[in-house]
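Next come the chains, spelled out residue by residue.
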Amino acid sequence: MSDLSAFPITRRWPPRKPDAIQLYSLPTPNGVKIGIALEEMGLDYDAHRVKFSRNDQTSPEFLSLNPNNKIPAILDPHGPNGRPLALFESGAILIYLAEKSGQFLPSANRYEVLQWLMFQMGGLGPMVGQLGFFHAFAGKEIEDPRPKERYRAETARLLKVLDTALEGRAWIAGDYSIADMAIGPWLRGLRDFYKVGDITGLAECHNVEKYIDRFLARPAVQRGLLVPAA
Ligand SMILES: N[C@@H](CCC(=O)N[C@@H](CS)C(=O)NCC(=O)O)C(=O)O
């Protein structure tokens with residue numbers, strides 16, 4: 001049995017399955033990417049809920065694993081060379097899990113998958129997140145229209161890019177991949193959580209609309225969206 005006691009994070013969130021991948025997360029668009037990936041790949045995991053309501057993400061135990069105080073993060077007791085691996089940043093975690101399981105990052109189109117993964121990490125996610133802040137959360141009190149308009153226009157542009165790229169294909173890089181596991185949750189967030197579809201032209205992006213439904217219909221996605229359980 002693995003001994004993870006050298007990792008301070010295990011004092012606040014003790015492993016229930018010490019040989020499984022430890023996931024520290026919350027079902028946000030970035031968090032569910034990893035629950036979905038673990039479910040799609042059939043990897044054994046032990047999910048721990050990091051509660052923002054009590055600022056778990058800034059606790060010394062969480063910061064010992066991710067000094068950037070953001071979910072998701074993982075601790076794999078059986079990392080490279082048989083040693084434990086601690087990892088944060090959802091894009092890096094998706095690449096690691098794909099390589100560990102040998103799934104969803106095929107060598108034939110590896111760089112195309114990584115290209116669309118980076119498109120989500122550097123573009124879609126940050127833009128939708130900022131637009132959501134200015135549209136639905138504290139930022140909506142700000143009277144100056146420019147911040148919201150900047151993120152609205154950029155999100156609308158990114159949706160069109162996706163819509164064009166999805167013409168004639170079910171998934172963004174051909175076969176279903178970790179890029180879809182990153183993009184799907186943010187499109188769902190755009191439509192259902194931040195509710196900015198109407199101001200970003202989602203209804204005109206028919207390929208994107210169908211893509212969201214196709215993604216959400218996958219059984220592993222439905223399970224992953226609930227990880228970690230409340
Ligand atoms: N680039 C990071 C972003 C992670 C991120 O922004 N996580 C948010 C939830 S979606 C978070 O932990 N926020 C808590 C905070 O900022 O205190 C990743 O993809 O892992």
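Given the structure is predicted, the values throughout are model-derived calculations rather than measurements.

Engineer: I'd like a description of the nonpolar core, backed by residues and values.
Structural biologist: With 59 residues, the main nonpolar core has Leu97 and Ile178 as its most contacted residues. When contributions to this core are tallied by element, the ones reaching two or more residues are strand S1 (21–25), helix H2 (29–41), helix H4 (90–101), helix H5 (110–136), helix H6 (146–165), helix H7 (178–193) and helix H8 (206–216). Domain assignment of the residues forming this core places at least three in each of domain 1 (9–103) and domain 2 (107–219). Here isoleucine 178 is in contact with Met41, Leu94, Ile95, Ala98, Phe104, Leu105, Val113 and Leu117, once residues within four sequence places are set aside.

Engineer: Before we move on, could you go through the pattern of salt bridges and cite the residues and values that matter?
Structural biologist: In total, this model carries 15 salt bridges according to the counting rule given. Arginine 12 serves as the salt-bridge partner of glutamate 61, at 3.6 Å between the closest nitrogen and oxygen. Pair noted here: glutamate 61 is in helix H3 (residues 60–63) and arginine 12 is in helix H1 (residues 9–12), with a separation of 49 residues, a long-range link. Classification of arginine 12 by relative accessible area gives partly exposed; the value is 33%. The partner of glutamate 39 in a salt bridge is arginine 223, and the shortest N-O contact between them spans 2.7 Å. Placement of glutamate 39 in helix H2 and of arginine 223 in helix H9 (residues 219–224) is noted, with a sequence separation of 184 residues between them. Arginine 223 sits in the partly exposed class, given a relative accessible area of 42%. Among the ionic contacts, a cluster of salt bridges with common partners joins Arg12, Arg54, Asp56 and Glu61.

Engineer: Describe the packing of aromatic side chains, listing the residues and the values that go with them.
Structural biologist: Within this structure, the stated rule accounts for twelve aromatic pairs. Judged by centre distance (5.6 Å) and plane angle (85°), the ring pair of phenylalanine 104 and tyrosine 176 falls under edge-to-face. Taken together, the residues phenylalanine 104 in the loop between H4 and H5 and tyrosine 176 in the loop between H6 and H7 connect sequence positions 72 residues apart. Exposure class is identical for phenylalanine 104 and tyrosine 176. Each is buried. Seen in terms of ring centroids, tryptophan 171 and tyrosine 176 are 4.7 Å apart; in terms of plane orientation they differ by 65°. Their pairing is edge-to-face.

Engineer: Hey, could you go over the sheet that holds strand S4 (residues 85–88) for me, with residue numbers and the actual values?
Structural biologist: With mixed pairing, the four strands of this open sheet are ordered in space as S2-S1-S3-S4. The sheet is open, and its two borders are formed by strand S2 (45–49) and S4, each paired with just one other strand. Strand-to-strand twist of the sheet, defined as the mean angle between neighbouring strand axes without regard to direction, takes the value 15°. Pairing between S1 and strand S3 (residues 73–76): three bridges, direction antiparallel. Within the sheet, the bridge partner assigned to tyrosine 24 lies in S3 and is alanine 73. The sheet contacts of H2 involve S1, S2 and S3, and relative to S1 the element is tilted by about 155°.

Engineer: I'd like to hear about the domain arrangement of the protein, residue by residue, with values.
Structural biologist: Partitioning the protein into structural domains gives domain 1 (9–103) and domain 2 (107–219). Contact with domain 1, which involves 15 residues of that partner, is made by 14 residues of domain 2. Buried area between domain 1 and domain 2, summed over both chains or domains, comes out near 1200 Å², and the portion from carbon and sulfur atoms is 72%. Of all elements in the fold, only H2 and H4 reach the threshold of two or more residues within the side of domain 1 that touches domain 2. By residue number, the principal contributor to the side of domain 1 that touches domain 2 is H2, which donates eight residues.

Engineer: A description of the site of the ligand should follow, citing residues and the corresponding values.
Structural biologist: Around the ligand sit Thr28, Asn30, Phe52, Gln57, Asn69, Lys70, Ile71, Pro72, Glu89, Ser90 and Met121, and that is every residue in its neighbourhood. One nitrogen or oxygen atom from the side chain of asparagine 30 is found 3.5 Å from an oxygen atom belonging to the ligand. Glutamine 57 is positioned with one of its side-chain polar atoms (N or O) 3.0 Å from an oxygen atom of the ligand. Against a free-state accessible area of 510 Å², the protein chains account for coverage of 76% of the ligand. Among the detected pockets, the ligand sits in the largest pocket.

Engineer: Tell me what's going on with H8, and back it up with residues and numbers.
Structural biologist: Regarding H8, the residues found buried are Asn207, Val208, Tyr211, Ile212, Phe215 and Leu216. Mapping the buried residues of H8 onto a view down its axis gives an arc of 160°, with all of them on the same face. If you follow the buried residues of H8, they end up packed against H2, H6, H7 and H9.

Criteria and cut-off values
- Residues numbered from 1 in each chain as written.
- Predicted model: local features only at pLDDT ≥ 70, side-chain atom pairs only at ≥ 80, totals over all residues.
- Heavy atoms only, no water.
- Core = buried A, V, L, I, M, F, W, Y, C linked by side-chain atoms within 4.5 Å.
- Buried < 20%, exposed > 50% of the residue type's maximum accessible area, 1.4 Å probe, protein only.
- Helix = DSSP H or I, 4+ residues; strand = E, 2+ residues; numbered from the N terminus.
- Domains from an automatic or database assignment.
- Contact = heavy atoms within 4.5 Å.
- Salt bridge = Lys/Arg side-chain N within 4 Å of Asp/Glu carboxyl O.
- Phe/Tyr/Trp six-rings, centres within 6.5 Å; stacked < 30°, edge-to-face > 60°.
- Pairing = 2+ DSSP bridges.
- Axes fitted to C-alpha atoms, helices over the stretch in contact; angles between N-to-C directions.
- Buried area = accessible area lost by both parts, 1.4 Å probe.
- Near = heavy atom within 4 Å.
- Polar contact = N/O pair within 3.5 Å; in protein donor to acceptor, adjacent residues only side chain to side chain.
- Areas by Shrake-Rupley, 256 points an atom, 1.4 Å probe, with all protein chains shown as cover.
- 1 Å grid on protein atoms, 1.4 Å probe; cavity = no way out; pocket = protein on both sides within 12 Å on 5 of 7 lines; lining within 4 Å.
- Sits in = over half its atoms within 2 Å of the grid points.
- Arc of directions from axis to C-beta.

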